[in-house]
Amino acid sequence: MKNGKMKAVLVGLGFGGAFVPIWNDHPDVYAFGICDLDAGRAEEFAKNYPDVQIYRDLDMVLSDESVDAVHLVTCIPDHAGQTVAVLNAGKHCACTVPMATSLEDIRAIFQAVRKSGKKYMMMETTLYTYQYFYVKQMLESGEMGKLQFMRGSHYQDMENWPRYWNGLPPFWYGTHAIAPLIGLSGSRVDRVSCLGSGTMRTDLMKTYGNPFPVETAHLHFANGLAAETTRSLFETARIYKEGLAVFGSHKSFEWGFADWDNPIVTTLDNDAEVAGRGLPTRCEVVEMPNYYSDLPEALWKYTVGGQYDATNPQESLKKGAGAGHHGSHSHLVNEFVRSIIDDRKPWIDEVFAANITAAGICAHESALRDGEWVTVPEF
Ligand SMILES: NC(=O)c1ccc[n+]([C@@H]2O[C@H](COP(=O)([O-])OP(=O)(O)OC[C@H]3O[C@@H](n4cnc5c(N)ncnc54)[C@H](O)[C@@H]3O)[C@@H](O)[C@H]2O)c1
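Residues numbered from 1 in each chain as written. Predicted model: local features only at pLDDT ≥ 70, side-chain atom pairs only at ≥ 80, totals over all residues.

Trainee: How would you summarise the overall build of the protein if you had to cite specific residues and measurements?
Mentor: Secondary structure assignment for the protein yields 10 helices and 15 strands. Counting all 379 residues of the protein, 46% fall into the buried class. Taking the intrachain contacts of the protein between residues at least 6 apart in sequence as the baseline, contacts between residues at least 24 apart amount to 65%. (Helix = DSSP H or I, 4+ residues; strand = E, 2+ residues; numbered from the N terminus. Buried ≥ 20, exposed ≤ 12 C-beta atoms within 10 Å, placed from the backbone. Contact = placed C-beta atoms within 7 Å.)

Here is the structure:
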């Protein structure tokens, strides 16, 4: 740290490339580096960001004592091992999803966090989307009434993605379909029952031995709530969506059909004189506000895609497409940075991340046991 500011390195510049400008412009980051095994990829980025330092590999990053924090956006099977290595090197670690693909690896990350005293954050995009902010505000203001039920989904065909995706058990990457449900529940998932559905081509079963292209689960929360969630990964014709539905006693929120469609809010008129059967309902398609104002001003422009008008960040969202993953990227970086500067836990710390990730790991285990309830360990 230097004068209350930090030095960070971003590792993995595929999807990770989307975070380069955000890290580069964060006002609490005095120096920023990038690292990719594909040197050409890093050099390409450096052309537009002449001040960034290029690191050849993760070892080079870990042996640089001036680096305070590392953001990993590398391949799924490497997340846990690399996270432990970063923490053991005495650096704060942010990692893209999922945290790990086994309960043992989650435990190893816990141990490394305890031993190092450093921060860990899972960079779960769904928890900082326009939609999540919107529905959270509706719940917290009391507008929705009692929270009665939630439904999550992540439909995405992953054919021809990098090799480690081939045949992945759907709920090993179930974080987008699970995280918002836990975040809004105010509780933790304590048990899960899941069924696998459909059949997989044999070539897709080679790496992980997973027979299911789709998994669908019931989550039980410690506070008694229940939710339903579905993840499809292969051989299933469905347009991409990381969706969320939240049903309250007064209002409900449902994501549109496709990922980029505006949500629908249903209002139940609890005060109506009941003439016939059931209370009257009203539905409206709602536009999402842009939640930019809690961010440093230098990052406001990254909450929208397309053209940005500095005099009106809200209108900028209406004019152009939303930024990647519904405006979440800059919030993620800012939360991680501020947790370090303010010396507090980030919101998606190892405890929250473990519940999200373990619920998915246990869901797949349940699917392999024909829907048997599986207890999600409390870390
Ligand atoms: N919404 C989200 O949160 C979201 C979206 C997309 C991807 N992801 C996650 O991001 C990760 C990366 O996805 P991707 O599509 O970019 O994957 P990818 O395999 O296409 O790219 C990974 C990049 O990391 C580099 N890399 C791998 N290991 C490295 C190492 N040890 N040191 C330096 N560089 C290394 C590779 O060279 C490559 O450029 C995945 O784990 C995926 O789960 C999350």
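Trainee: Any chance you could break down the domain arrangement of the protein for me, citing the residues and the numbers?
Mentor: Partitioning the protein into structural domains gives domain 1 (6-125 + 331-345) and domain 2 (127-312 + 359-368). Domain 1 and domain 2 are separated by 26 Å when their C-alpha centres are compared. With 18 residues of domain 1 at the interface, the matching set in domain 2 holds 16 residues. Of all the secondary-structure elements, those providing two or more residues to the side of domain 1 that touches domain 2 are helix H1 (20-25) and helix H9 (324-341). Its residues assigned to classes, the side of domain 1 that touches domain 2 comprises 10 nonpolar, 6 polar and 2 charged. (Domains from an automatic or database assignment. Nonpolar A, V, L, I, M, F, W, Y, C, P; charged D, E, K, R; others polar.)

Trainee: Report on the environment of His-218, specifying residues and quantitative values.
Mentor: Mapped onto the elements of the fold, His-218 is located in strand S9 (residues 214-221). Among the residues examined, His-218 registers 17 C-beta atoms within 10 Å and is labelled partly exposed. Taking C-alpha positions, His-218 is 14 Å from Gln-148, a pair spaced 70 residues apart along the chain. If sequence neighbours within four positions are ignored, His-218 has contacts with Val-192, Ser-193, Ala-226 and Glu-228.

Trainee: Describe the packing of helix H4 (residues 79-88) against helix H5 (residues 103-116), naming the residues involved and giving the relevant values.
Mentor: At a minimum axis separation of 9 Å, H4 and H5 run at an interaxial angle of 10°. Judged by the angle between their axes, H4 and H5 are roughly parallel. Of the residues in H5, those in contact with Ala-80, Thr-83, Val-84, Leu-87 and Asn-88 of H4 are Asp-105, Ala-108, Ile-109, Ala-112, Val-113 and Ser-116. Tallied by class, the residues present in the contact of H4 with H5 amount to 7 nonpolar, 3 polar and 1 charged. (Axes fitted to C-alpha atoms, helices over the stretch in contact; angles between N-to-C directions. Parallel < 35°, antiparallel > 145°, perpendicular 65-115°, else oblique.)

Trainee: Give me the sheet that holds strand S11 (residues 241-248): which residues, what numbers.
Mentor: Ordered in space as S14-S13-S12-S11-S7-S10-S9-S8-S15, the 9 strands form an open sheet in which the pairing is mixed. Looking at the sheet topology across the chains shown, the edges are occupied by strand S14 (281-285) and strand S15 (374-375). Along the sheet, helix H6 (residues 130-140) contacts strand S7 (147-155), S11 and strand S12 (251-254); its crossing angle with S11, the most-contacted strand, is approximately 5°. Across the sheet, helix H7 (residues 175-185) touches S7, strand S8 (189-197), S9, strand S10 (226-232) and S11, and the angle it forms with S7 is around 160°. (Pairing = 2+ DSSP bridges.)

Trainee: Let's hear about the site of the ligand: which residues, and what values?
Mentor: Close contacts around the ligand come from 23 residues, with Gly-12, Gly-14, Phe-15, Thr-74 and Pro-162 the closest. The residue makeup of the shell around the ligand, split by class, is 11 nonpolar, 7 polar and 5 charged. (Near = placed C-beta within 6 Å.)

Trainee: Quick rundown of the pairing of strand S5 (residues 92-95)? Include the residues and the values.
Mentor: Covered by surrounding structure in S5 are His-92 and Ala-94 together with Cys-93 and Cys-95, the residues of both alternating faces. Between the parallel elements strand S4 (residues 69-72) and S5, the chain passes through H4 in a crossover that is right-handed. Once the chain exits S5 it traverses H5 before rejoining the sheet at strand S6 (residues 120-122), and the crossover so formed is right-handed. (Right-handed = clockwise from strand over helix to strand, strands pointing away.)

Trainee: Can you lay out the packing of H5 against helix H10 (residues 350-368) for me, pointing to particular residues and giving the numbers?
Mentor: Here H5 crosses H10 at 175°, and the two axes come no closer than 10 Å. Classified by the angle between their axes, H5 and H10 sit roughly antiparallel to one another. Touching Leu-103, Ile-106, Ile-109, Phe-110 and Val-113 of H5 are Glu-350, Ala-354, Thr-357, Ala-358 and Ile-361, all from H10. Of the residues in the contact of H5 with H10, the class split is 8 nonpolar, 1 polar and 1 charged.

Trainee: Tell me what's going on with the environment of Ala-237, and back it up with residues and numbers.
Mentor: Following the sequence through the fold, Ala-237 ends up in the loop between S10 and S11. Sequence separation between Ala-237 and His-79 is 158 residues, and the spatial gap between their C-alpha atoms is 29 Å.

Trainee: How would you summarise unusual backbone geometry if you had to cite specific residues and measurements?
Mentor: A cis amide bond, omega -10°, links Val-97 with the succeeding residue Pro-98. Mapping Pro-98 onto the fold places it in the loop between S5 and H5. Within the chain, Asn-160 stands out as a residue other than glycine whose phi angle is a positive 65°. If you trace the backbone, Asn-160 turns up in the loop between S7 and H7. The exposure class assigned to Asn-160 is exposed, which follows from the 8 C-beta atoms found within 10 Å. Even without being glycine, Glu-235 reaches a positive phi, approximately 50°. Checked against the element boundaries, Glu-235 lands in the loop between S10 and S11. The exposure class of Glu-235 is partly exposed, given the 14 C-beta atoms found within 10 Å.

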